[in-house]
Protein chains: 2
Amino acid sequence: MPTIEVIEQLAKRRGLFWPSSEIYGGASGLFDYGPNGTAIKRNLENLWRKYFLSLSDNFFEVETTNIMPEKVFQASGHVSSFVDPIAKCKKCGTAHRADHIVEEFLKENFEGMTPTELTELIKKHKIRCSKCKGELEEVAVMNMMFPLEMGVGKESKSYLRPETAQGPFVDFMQNFEVLRKKLPLGLAVVGRAYRNEISPRQLLSRMREFTQAELQIFFDPSKIEEHEKWSEMAKYKLVLFPSGDKKTTEVTCDDAVKKLKMPKFYVYHLAKVQQFYLEKLSIQKERFRFRELSEEERAFYNKIHWDIELNVEALGGFKEVGGVHYRTDHDLAGHAKVSGKSQEVFVDNKKFVPHVLELSFGIDRLVMSLVDIFYAQDKDRTLLKLPALVAPFTAAIFPLVSKDGIDKKAMEIYDQLKGKFRILYDESGSIGRRYMRIDEIGVVAAITVDYDTLKDNTVTIRNRDTTKQERVKIADLEKKLIV
Amino acid sequence: MPTIEVIEQLAKRRGLFWPSSEIYGGASGLFDYGPNGTAIKRNLENLWRKYFLSLSDNFFEVETTNIMPEKVFQASGHVSSFVDPIAKCKKCGTAHRADHIVEEFLKENFEGMTPTELTELIKKHKIRCSKCKGELEEVAVMNMMFPLEMGVGKESKSYLRPETAQGPFVDFMQNFEVLRKKLPLGLAVVGRAYRNEISPRQLLSRMREFTQAELQIFFDPSKIEEHEKWSEMAKYKLVLFPSGDKKTTEVTCDDAVKKLKMPKFYVYHLAKVQQFYLEKLSIQKERFRFRELSEEERAFYNKIHWDIELNVEALGGFKEVGGVHYRTDHDLAGHAKVSGKSQEVFVDNKKFVPHVLELSFGIDRLVMSLVDIFYAQDKDRTLLKLPALVAPFTAAIFPLVSKDGIDKKAMEIYDQLKGKFRILYDESGSIGRRYMRIDEIGVVAAITVDYDTLKDNTVTIRNRDTTKQERVKIADLEKKLIV
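Residues numbered from 1 in each chain as written. Chains lettered and ligands numbered in written order. Predicted model: local features only at pLDDT ≥ 70, side-chain atom pairs only at ≥ 80, totals over all residues. Heavy atoms only, no water.

**Q** Got a minute to help me understand the sheet that holds strand E19 (residues 355-362) of chain A in this structure?
**A** Neighbouring strands of a sheet are bound in pairs by backbone hydrogen bonds; such pairs are parallel or else antiparallel. Residues and elements named next belong to chain A. The nine strands are arranged E3-E10-E11-E19-E16-E15-E14-E12-E13 in an open sheet whose pairing can be described as mixed. The open sheet has two free edges, formed respectively by strand E3 (59-61) and strand E13 (249-252), since each of these has just one partner strand. Along the sheet, successive strands turn relative to each other by an average axial angle of 30 degrees, direction set aside. Sheet topology places strand E12 (residues 237-241) next to strand E14 (residues 288-292); two bridges connect them, and they run parallel. Directly across from leucine 240, in E14, lies its bridge partner phenylalanine 290. Docked against the sheet, helix H2 (residues 35-53) engages E3, strand E10 (185-194), strand E11 (209-219) and E19, running at close to 0 degrees with respect to E11. Strands E11, strand E15 (304-312), strand E16 (317-328) and E19 of the sheet are contacted by helix H13 (residues 363-374), whose axis makes an angle of about 35 degrees with E15. (Pairing = 2+ DSSP bridges. Helix = DSSP H or I, 4+ residues; strand = E, 2+ residues; numbered from the N terminus. Axes fitted to C-alpha atoms, helices over the stretch in contact; angles between N-to-C directions. Contact = heavy atoms within 4.5 Å.)

**Q** What am I meant to see in the side chain of glutamine 343 of chain A here?
**A** Along the chain, the position of glutamine 343 of chain A falls in the loop between helix H12 (330-339) and strand E17 (345-347). Take glutamine 343 of chain A: its relative accessible area is 1%, and that puts it in the buried class. A polar atom in the side chain of glutamine 343 of chain A sits 3.2 Å from the backbone oxygen of lysine 341 of chain A. Not counting chain neighbours up to four residues away, the residues in contact with glutamine 343 of chain A comprise Phe169, Phe172, Met173, Leu332, Ala336, Phe352, Val353 and Pro354 of chain A together with Ile23 of chain B. (Buried < 20%, exposed > 50% of the residue type's maximum accessible area, 1.4 Å probe, protein only. Polar contact = N/O pair within 3.5 Å; in protein donor to acceptor, adjacent residues only side chain to side chain.)

**Q** Is there a simple way to think about the domain arrangement of chain A in this case?
**A** Residues and elements named next belong to chain A. Domain annotation for chain A reports domain 1 (4-81 + 152-373), domain 2 (83-143) and domain 3 (393-481). Each of domain 1 and domain 3 has a C-alpha centre, and the two are 39 Å apart. Taken together, the contact pairs seven residues of domain 1 with six residues of domain 3. Summing the contributions of domain 1 and of domain 3, the shared interface buries around 590 Å²; its carbon and sulfur component is 51%. Of all residues in domain 1, the largest losses of buried area upon contact with domain 3 belong to Arg14, Asn36 and Asn43, amounting jointly to 68% of the total for that side. On the surface where domain 1 and domain 3 come into contact, there are two salt bridges. For glutamate 440, the salt bridge goes to arginine 14, with nearest N and O atoms at 2.9 Å. (Domains from an automatic or database assignment. Buried area = accessible area lost by both parts, 1.4 Å probe. Salt bridge = Lys/Arg side-chain N within 4 Å of Asp/Glu carboxyl O.)

**Q** Sorry if this is basic, but what is going on with the interface of chain A and chain B here?
**A** The accessible area lost on association of the parts is a frequent measure of interface size. Facing 82 residues of chain A, the contacting portion of chain B comprises 82 residues. Summed over both sides, the interface of chain A with chain B buries roughly 6,700 Å², with 57% coming from carbon and sulfur. For the chain A face of the interface with chain B, the top three residues by lost area are Ile23, Tyr24 and Glu63 of chain A, together amounting to 13%. At the junction of chain A with chain B, the criterion picks out eight salt bridges. With a closest N to O distance of 2.7 Å, glutamate 63 of chain A and arginine 42 of chain B form a salt bridge. Between chain A and chain B we count 39 residue pairs in polar contact (both at pLDDT 80 or more) in total. The element contributing the most residues to the side of chain A that touches chain B is H2 of chain A, with seven residues. Of the residues that constitute the side of chain A that touches chain B, the class distribution is 35 nonpolar, 22 polar and 25 charged. (Nonpolar A, V, L, I, M, F, W, Y, C, P; charged D, E, K, R; others polar.)

**Q** Sorry, what's going on with the pairing of strand E15 (residues 304-312) of chain B here?
**A** Residue and element names in this part refer to chain B. Most of E15 sits out of view: nine of its nine residues are buried. Residues Ile304, Trp306, Ile308, Leu310 and Val312 line one face of E15 and the alternating positions His305, Asp307, Glu309 and Asn311 line the opposite face, and both faces are buried. With five bridges joining them, strand E14 (residues 288-292) and E15 adopt antiparallel strand pairing. Bridge pairing links arginine 291 to aspartate 307 in E15. Note: E15 against strand E16 (residues 317-328), nine bridges, orientation antiparallel. Bridging from a neighbouring strand, asparagine 311 pairs with phenylalanine 318 of E16.

**Q** For this particular structure, what's the right way to read the packing of aromatic side chains?
**A** With the rule as written, the count across this model stands at 44 aromatic pairs over all chains. Aromatic side chains phenylalanine 276 of chain A and tyrosine 277 of chain A sit 5.6 Å apart centroid to centroid with 80 degrees between the ring planes, which places their arrangement in the edge-to-face category. By relative accessible area, phenylalanine 276 of chain A is classed as buried at 1%. Measuring from ring centre to ring centre gives 5.8 Å for tyrosine 414 of chain B and tyrosine 425 of chain B, while their planes differ by 65 degrees; the resulting arrangement is edge-to-face. Of the two residues, tyrosine 414 of chain B sits in helix H14 (residues 406-417) while tyrosine 425 of chain B sits in strand E23 (residues 423-425), which places them eleven residues apart along the sequence. No difference in accessibility class separates tyrosine 414 of chain B from tyrosine 425 of chain B, as the two residues are buried. Connected via pairs of aromatic rings, a cluster forms that spans Trp48, Tyr51, Phe52, Phe276, Tyr277, Phe288, Phe290 and Phe361 of chain A. (Phe/Tyr/Trp six-rings, centres within 6.5 Å; stacked < 30°, edge-to-face > 60°.)

**Q** Honestly, the pattern of salt bridges in this entry has me stumped. Any pointers?
**A** A side chain of one charge can pair with a side chain of the opposite charge if their charged atoms are brought near each other. A full pass over the atoms with the stated rule returns 92 salt bridges over all chains. Arginine 192 of chain A is the partner of glutamate 63 of chain B in a salt bridge, and the nearest nitrogen-oxygen pair spans 2.7 Å. Taken together, the residues glutamate 63 of chain B in the loop between strand E3 (59-61) and strand E4 (67-69) and arginine 192 of chain A in strand E10 connect one chain to another. Residue glutamate 63 of chain B shares its accessibility class with arginine 192 of chain A, and that shared class is buried. Among the salt bridges present, the one from arginine 291 of chain A reaches glutamate 309 of chain A, with a minimum N-O distance of 2.9 Å.

**Q** Can you help me understand the relation of the copies chain A and chain B in this one?
**A** Two copies of the chain are present, and they differ by a rotation about an axis and a shift along that axis. You can overlay chain A on chain B at an RMSD of 0.0 Å; the transform is a turn of 180 degrees with a shift of 0.0 Å along its axis. When the rotation and shift are considered jointly, the pair of chain copies conforms to a two-fold rotation axis. Rotation axis and chain A: the residue whose C-alpha lies nearest the axis is leucine 148 of chain A, separated from it by 3.5 Å. In this assembly, 100% of the residues forming the interface of chain A have copies in chain B that are likewise at the interface, indicating an isologous arrangement. (Least-squares fit on C-alpha atoms with pLDDT ≥ 70 in both.)

**Q** Help me out: how do you make sense of the sheet that holds strand E9 (residues 156-160) of chain B in this one?
**A** Residues and elements named next belong to chain B. Here three strands make up an open sheet; going across it, the order is E4-E9-E8 and the pairing antiparallel. Edge positions in the open sheet fall to E4 and strand E8 (147-150), since each of these has one partner strand only. On average, each strand axis in the sheet is tilted by 40 degrees relative to the strand beside it, whichever way the strands run. Bridge count for E8 against E9 is four bridges, and the pairing is antiparallel.

So, in structure tokens, the structure goes:
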């Protein structure tokens, strides 16, 4: 329903997000969050932490640096392989992402094609610069990482990390030691990643700086066909869009293993990821799917790779918001080789390099998807029907007027509730306008303090979705608020 | 009591922090956090948010990008003035921070000296390269920001932000609009900042990438001599170390205004900052002080500048962990000039550019300071007496043995408590060794599940500080845990 322009305007008007450094014309691919967007994002991050870290008593959050030395990315393969195809215009010099310019022309997805293949397509279809119609050069590749020089002169070449994952890999041994040498071991990072995208686009979907929440699960590869809590999920139905298929099917975890030959350890975590979206974020099943990536589409380090996709109507359909990646021992083996430090563990009487299952989530894309998914029009009212856990505020407190002690009373209630709930105080404009503002950011309840409040200690509480109002005692307010 | 080596070893052994990318020899000035350090850091950040954002109903958290375009830092003055003096060795080429090498030689603080003054001191005292004893070049300046190229080629020059502050300044107008055009308005950022330090040192004290929690309070400069909640703090005693004085004095807020001629709006926030350290973080008053910076020492944008200092014994005394900065209209006026976009507001029937009071906190320095301050030796026991709110875990659950259903029972209790508290599960090693491990990271309580638990549903709960043990019913556990 909402178009990308509607989301953009709402986001700006209501303090969700807007282009970074906008007074300087904005910075391509960079977005800042206003107070309401920040609140939604923090809630999402905390919900993610709570849910995924509680999947096992051996899953923990760690924090690693955004800047990492070049050797890390030589070992991981990013220096040689984390490249995008670019086609420069011979006339105006604009650099285009080659697969995107072909995609726009031919209306098909060309991610994963080689520069030679893309060059041929450009020649064959006479695709030209979208800016000046000039001829395009042969497709070349550009590394997407941002290089940095640390110290004085060339002391040490480094990069801003293009994914949060490498920190947990490089630090695996120290964490394994501290955490009593048990597998599976999960190391989560919620933090920034940076990619020098050639053509950032679609608001928060493709940015140059973004937030990932990633959980790296280190496990014994000989146990990939089992999971200790398998029976809990065996009958759970996954929403799958397998590579090659043209449609979504619902498949039980058991059948995914038996018929699709997927490993249990992988399937168990797919199911847990799906539950997060459907049960914790209350996303309708119809708007969710896992899409299997073909060998050409997969990232260079993945053996099994299903994207997490949500149907984001403003972006025209299903879009990637995360992925479940079986990275094998690609990273640990790479680091062992380049650093010369063994990454072998000794568990269950044998020595081996653990394999990694990565659960990866783009937090900004998720924020934008939620705005799209929960956007609703109710007569002349615009509202975000965000789940209470994610809504920027649990409740707003409105003094009917800012005089006669009503504002003072309202502030008392604010002070009483703010330690336990996320509370917004607003006394400006008519009550109607104040309702309008909080509906548009998804605040769950509105509490109005009026002249009667001074007499009988009751307030009006209004529900965002139904607009129904109820008179309740101040003392009962805490029970009425949904968190 | 603890030396820097003791902290370093404890931090590594117990998963607090260690050098980033250590398998590659570490990266100078970069540190990663292990699971226990990350937990402490997150708790600190959340405590900070809760405390400072609740100082006013018009204080909010925002999130702005780490990468910002060059113009931002031209306007803020960082391109021209955010420089450090360096002295290069003529023989081995090592670059030294000039003021530090002079300080090490003369045992005095020379921050804020000009390159010419430092060059003279180096010549006068014949100070030489600390590495190879070679002669030093004349002192030059180096900008401390990390430059980046965005897009293809020279599309746009940018920098990693050297402080979180500029985001809220550049976005001030949008946030002011969204937040109903009221002053004072507070915009907080908890996020990364980056400085290309020439000589990073003292573990988390001087890093190239670090976390700041900063609150920018925009206010009407004509109201700097008032604060609506002044009476609450008027008698509160500040611990001050004024510039020029050689000792700390306790001064009421009233006296700071009357005798020291400090503005009320500034003093009120000093008091609130002090309360955070003394009451929320339980730091002894003797280890806390505000130190006034002289004109030479102050950052180029500050009119009033008191550092927040803690006595960190491992670092040899009082060290800066934050600051309270009256930045005037330096930043907004600079952005108005360079962007051409007015930063004037219309409040109380007049037009003006708001002034800014900045409350700035280094989160990593604080983590390290807390380890130092709460480090204790009790007979042969090492423990961190961290306040419960900051401790990495509220409680640890220990099954006496991993058999006979005791581990299963312990896991049940873990599952029951983990949604409400921060709980660690550990079944490896003797109970004594498990106590040792959690004492060293400051876990407040240990819950041991044994054979009696299976019979009567009671467990032993042990207090970290007293080591006293108590037998309690599982059903009463939640009441016994301190958060």
